There are 2 protein chains.
Amino acid sequence: MIEAIDFRNALSRLTTAVHVVTTNGTSGAHGFTASAVCSVSDDPPTVLVCMNRAARSHVHFVGNNTLCVNVLGTQHEPLSNVFASKLDSDARFEHGIWDTLVTGAPALEDALVNLDCEIESVQDVGTHSVFMCRVVAIRQSEQEESLVYFNRAYHHLRQSEPA
Amino acid sequence: MIEAIDFRNALSRLTTAVHVVTTNGTSGAHGFTASAVCSVSDDPPTVLVCMNRAARSHVHFVGNNTLCVNVLGTQHEPLSNVFASKLDSDARFEHGIWDTLVTGAPALEDALVNLDCEIESVQDVGTHSVFMCRVVAIRQSEQEESLVYFNRAYHHLRQSEPA
């Protein structure tokens, strides 16, 4: 039997990129900060996103059936905090510069990369939903510094400083 | 229509930890280097692992129905290369110091963390299988430096150097 606190401590040792995942539809734009985003297959181009079912905006992601994964650069640490805060949706999108690609989900203009997606399936696992997402549009920026999360702290990764 | 090369370029912008995922059973021990490992839910404690179905050892992971996720530290860059090479299974496990936790899958002694798992389900998506894994044992080391992969290069993340 694994205690939840031991599991969370263990997972804090897994470095992740930081993402703001967004959607848009009749209920307006919604978004949240996510670490649990993962590449699945390049044929067809597929990524997955895990989302807590208890999140206020969960119903909107499922209803819209589209989302955009915005991969954050080092300049986006404040934005990451905004989209992990208690601010409502409208207030969140006052931060950052947003446009859209194909699905209409908000795309952060200076993200490292935007992955605009159609949600192909939703699988509920424990407290979370796993969205399996077909990528329908991609945009890359010139930004070369990645915001990452490790041991419950932000870190900056520079492309020019490999191991 | 997304070209595979554009998708792979985009995904190279997503920083990931580096893991060696292992299994053991009647066919012996097998393991591969993986970036596509993701936290799913802490109740029950669940992670997922994506694996190319064309990999030689795929059949053994499915057959054994258990795996161990070994999260690599900065000292494990050579080990990462070994488990991504054409070496056969026996030759791979000559590198690193291995023991076992609960399932019998090889656990790397000085990994940042070992997540020993039972595979609860296998979902095929495009070229890959998504293994949904219940964590049954955890071991953390004192190691504080994470090996990460970004823009097709290894990088080192030190806990003592937050953003």
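Relevant structure appears above.
Definitions and cut-offs
- Residues numbered from 1 in each chain as written.
- Chains lettered and ligands numbered in written order.
- Predicted model: local features only at pLDDT ≥ 70, side-chain atom pairs only at ≥ 80, totals over all residues.
- Heavy atoms only, no water.
- Contact = heavy atoms within 4.5 Å.
- Salt bridge = Lys/Arg side-chain N within 4 Å of Asp/Glu carboxyl O.
- Helix = DSSP H or I, 4+ residues; strand = E, 2+ residues; numbered from the N terminus.
- Pairing = 2+ DSSP bridges.
- Axes fitted to C-alpha atoms, helices over the stretch in contact; angles between N-to-C directions.
- Least-squares fit on C-alpha atoms with pLDDT ≥ 70 in both.
- Phe/Tyr/Trp six-rings, centres within 6.5 Å; stacked < 30°, edge-to-face > 60°.
- Buried < 20%, exposed > 50% of the residue type's maximum accessible area, 1.4 Å probe, protein only.
- Core = buried A, V, L, I, M, F, W, Y, C linked by side-chain atoms within 4.5 Å.
- Polar contact = N/O pair within 3.5 Å; in protein donor to acceptor, adjacent residues only side chain to side chain.

(A) Summary view of the interface of chain B and chain A. Each partner contributes to the interface: chain B provides 64 residues, whereas chain A provides 64 residues. Here chain B and chain A share 2 salt bridges between them. Residues A:Asp42 and B:Arg8 are paired through a salt bridge, measuring 2.5 Å at the closest nitrogen-oxygen approach. For the side of chain B that touches chain A, the secondary structure elements donating two or more residues are helix H1 (4-11), strand S1 (16-17), strand S4 (37-42), strand S5 (45-52), strand S9 (113-125), strand S10 (128-140), strand S11 (145-150) and strand S12 (153-158) of chain B. The biggest single contributor to the side of chain B that touches chain A is S10(B), with 8 residues.

(B) Summary view of the pairing of strand S12 (residues 153-158) of chain A. All names here are of chain A. Bridge count for strand S11 (residues 145-150) against S12 is 6 bridges, and the pairing is antiparallel. By the bridge assignment for S12, Ser146 is matched with Leu157. The turn joining S11 and S12, which pair antiparallel and follow one another in sequence, is formed by 2 residues; a positive phi near 55° is taken by Asn151.

(C) Region of interest: the sheet that holds strand S10 (residues 128-140) of chain A. Here we have 7 strands laid out as an open sheet, ordered S3-S2-S6-S9-S10-S5-S4 (chain A), and antiparallel in their pairing. Sheet topology places strand S3 (28-34) and strand S4 (37-42) of chain A at the edges, where each strand pairs with a single neighbour. Strand-to-strand, the axes of this sheet are offset by a mean angle of 30°, without reference to chain direction. Across the face of the sheet, H1(B) comes into contact with S4, strand S5 (45-52), strand S9 (113-125) and S10 of chain A while running at roughly 110° to S10(A).

(D) Here's a closer look at the relation of the copies chain B and chain A. By a simple turn and slide, chain B fits onto chain A: the slide is 0.0 Å along the axis, the RMSD is 0.0 Å, and the turn is 180°. The relationship between the two copies is best expressed as a two-fold rotation axis. Minimal C-alpha separation from the rotation axis in chain B is found for B:Thr16, amounting to 2.7 Å.

(E) Quick peek at the packing of aromatic side chains. Residues and elements named next belong to chain A. Counted under the stated rule, the structure contains 12 aromatic pairs over all chains. With a centroid separation of 5.3 Å and 85° between ring planes, the pair formed by Phe32 and Phe61 is classed as edge-to-face. Here Phe32 is found in strand S3, whereas its partner Phe61 is found in helix H2 (residues 58-64), with 29 residues between them in sequence. Taken as a pair, Phe32 and Phe61 share a single burial class, namely buried. Linked through ring pairs, Phe32, Phe61 and Phe131 together constitute an aromatic cluster.

(F) Focus on unusual backbone geometry. All names here are of chain A. Following Asp43, the chain continues to Pro44 via a peptide bond in cis, the omega torsion being -5°. Looking at the secondary structure, you find Pro44 in the loop between S4 and S5. Although it is not a glycine, Asn151 adopts a positive phi angle of roughly 55°. Looking at the secondary structure, you find Asn151 in the loop between S11 and S12.

(G) Fine view of the nonpolar core. Core analysis: the biggest nonpolar cluster contains 54 residues, and A:Leu67, A:Leu115, B:Leu67 and B:Leu115 have the highest contact counts within it. When residues no more than four places from it in sequence are discounted, the contact partners of A:Leu67 are A:Val21, A:Thr22, A:Val49, A:Phe61, A:Ala105, A:Leu115, A:Asp116, A:Cys117, A:Ile119, A:Phe131 and A:Cys133. Grouped together as the second largest cluster of nonpolar side chains are 16 residues, A:Ala36, A:Val130, B:Leu48 and B:Cys50 included.

(H) Structural detail: the environment of B:Ser141. Inspection of the secondary structure assignment puts B:Ser141 in the loop between S10 and S11. Between the C-alpha atom of B:Ser141 and that of B:Phe7, which follows or precedes it by 134 residues, the distance is 35 Å. If near-sequence neighbours (up to four positions away) are discounted, B:Ser141 is found in contact with A:Arg13, B:Asp110, B:Ala111 and B:Leu112. One polar contact links the side chain of B:Ser141 to the main-chain carbonyl oxygen of B:Ala111, over a distance of 2.7 Å.

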